[in-house]
Amino acid sequence: MTRLLRYTLLLVVLAVVLFGALLFSLTWRPDARETLPVSCNTTAPTLVPGQALKVMTWNVQFLAGKRYVFWNDLAEGDDEAPTAEDMAFSLDEVARVIRDEQPDVVLLQELDDGAKASDYQNQLKLLQERVADLYPCSTSAFDWKADFVPEPHIYGSVGRQLATLSRYRIEHAERLQLPVAPSNFISRQFQPKDALLAVKLPLSDGGQLSVFNTHLQRASQADGNVQAQVAAVAKVLDKYESQGLPWLIGGDFNLLPLGQYRRLPVERRTPYSADSELHLLWDRYPMIPTNNEAGGIDRAKWLTHYPNDPGLNGPDRTVDYLFYSPKLKRVQAQVRQDDTLRISDHLPVIARFFLPATP
């Protein structure tokens, strides 16, 4: 082997090693299960068996508002980032709605922390400053994080979180990794890594209520990962149900209820399947909205998604839900639409339950 060839091979090996080190330093590889820090005031009350519990789930779209059609929206716009003014408006509006509803537990999706597109804001912290008197307990989990993403429209950091706020004491929180869409090794390092944010709220009789928060993949092609994610969620819920433990889950599932696929124009059906993968959950457990509500005469009241698309002037589909253990009793539910259409591309789903009473 000539000296030139040896030097060339050495340089190639060195370049590969340096590239690998750079790749791993810029990206994030969470464990399958991680315990999370919980912020909780010692004066936070404890849940009581049989009491009412009001829950809200809301994807707040990194506080971007509705004046944009982003490059990654289905309508494929030109916008890459919202203005500081629009994020400030949305922050105030999210806080206003939360304060008006005053749910006991708030499940939020798409809050940014350290993302270039949202001016590196810690949006959870900004929101907590406005509702701290209502929610002494909170926790959060990233589902997308990287110091640099080489996508031309991003070309910088990303940081997206799930966050759970609670009026009641949180005893424990953890992040449960969901299946990640198949791709090559390098691309996989920069992808979102969808997860369950699981919290345990103790009950005064020694029991507990488990509350899950999630944001599932928005599929752009049939890769089977959506089904894998829903199956993974169902497996977790089945475990709690089999142990007799009450639970509920809320979030942006990015999936349609029964029959809604055929009501969408053909050009807007692309990310969905005619046979919604969500049946893996609604076949087992109660859902809000129910398929009857989402497909009935008043179905417009249950639409939760208003895509960033200049061809639309209002919400046109349901993708956000609450599922719950049959041990809980649904009292009331709604999608708050009247004054939320300009805040996010999703609308808040709100429900009240009665917790199971002590036998």
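None of the values given here were measured: they were computed from a predicted structure. (Residues numbered from 1 in each chain as written. Predicted model: local features only at pLDDT ≥ 70, side-chain atom pairs only at ≥ 80, totals over all residues. Heavy atoms only, no water.)

Participant: Which parts of the structure should I look at to understand the overall build of the protein?
Facilitator: When its secondary structure is counted, the protein shows seven helices and 14 strands. For 359 residues, the compact-globule estimate of 2.2 N^0.38 gives 21 Å, and the protein sits close to it at 21 Å. Overall, the C-alpha framework of the protein stretches about 80 × 50 × 40 Å when taken along its three principal axes. A burial count over the protein gives 53% of its 359 residues as buried. Contacts in the protein between residues far apart in sequence, at least 24 positions, make up 74% of those at least 6 positions apart. Counting every atom, the protein has about 16,200 Å² of accessible surface; 54% of that belongs to carbon and sulfur. Positive and negative side-chain charges in the protein, numbering 37 and 43 respectively, have mean positions lying 4 Å apart. (Helix = DSSP H or I, 4+ residues; strand = E, 2+ residues; numbered from the N terminus. Rg over C-alpha atoms; globule rule 2.2 N^0.38 Å. Buried < 20%, exposed > 50% of the residue type's maximum accessible area, 1.4 Å probe, protein only. Contact = heavy atoms within 4.5 Å. Areas by Shrake-Rupley, 256 points an atom, 1.4 Å probe, with all protein chains shown as cover. Lys, Arg positive; Asp, Glu negative; His and termini not counted. Charge placed at Lys NZ, Arg CZ, Asp CG, Glu CD.)

Participant: Whenever I open this one, the pattern of salt bridges confuses me. Can you help?
Facilitator: A side chain of one charge can pair with a side chain of the opposite charge when the charged atoms of the two come close. According to the stated counting rule, one finds 18 salt bridges in the structure shown. The partner of aspartate 92 in a salt bridge is arginine 130, with the nearest N and O atoms 3.2 Å apart. Here arginine 130 lies in helix 3 (residues 123-131) and aspartate 92 lies in helix 2 (residues 84-101), a separation of 38 residues in the sequence. Here aspartate 309 ties to arginine 268 by a salt bridge, and the two come within 3.8 Å at their closest N and O atoms. Residue aspartate 309 is located in the loop between helix 7 (291-295) and strand 12 (320-324), and its partner arginine 268 is located in the loop between strand 10 (247-252) and helix 6 (279-282); the two are separated by 41 residues in the primary sequence. One salt-bridge network, in which partners are shared between bridges, spans Lys54, Glu93, Arg96, Asp100, Glu101, Arg336 and Asp339. (Salt bridge = Lys/Arg side-chain N within 4 Å of Asp/Glu carboxyl O.)

Participant: Sorry if this is basic, but what is going on with the pairing of strand 6 (residues 156-166) here?
Facilitator: On a regular strand, each side chain points to the face opposite its neighbour's, so the side chains alternate between the two faces of the sheet. In terms of burial, strand 6 is largely enclosed, as 11 of its 11 residues are buried. Here seven bridges tie strand 4 (residues 105-112) to strand 6, and the two strands are oriented antiparallel to one another. Along strand 6, the bridge assignment pairs leucine 108 with alanine 163. Strand direction decides the pairing type here: strand 5 (residues 137-149) and strand 6, joined by 10 bridges, are antiparallel. Of the residues in strand 6, the one forming a bridge with serine 138 is leucine 165. Counted between consecutive antiparallel strands, the loop separating strand 5 from strand 6 contains six residues, among which tyrosine 155 sits at a positive phi close to 40°. (Pairing = 2+ DSSP bridges.)

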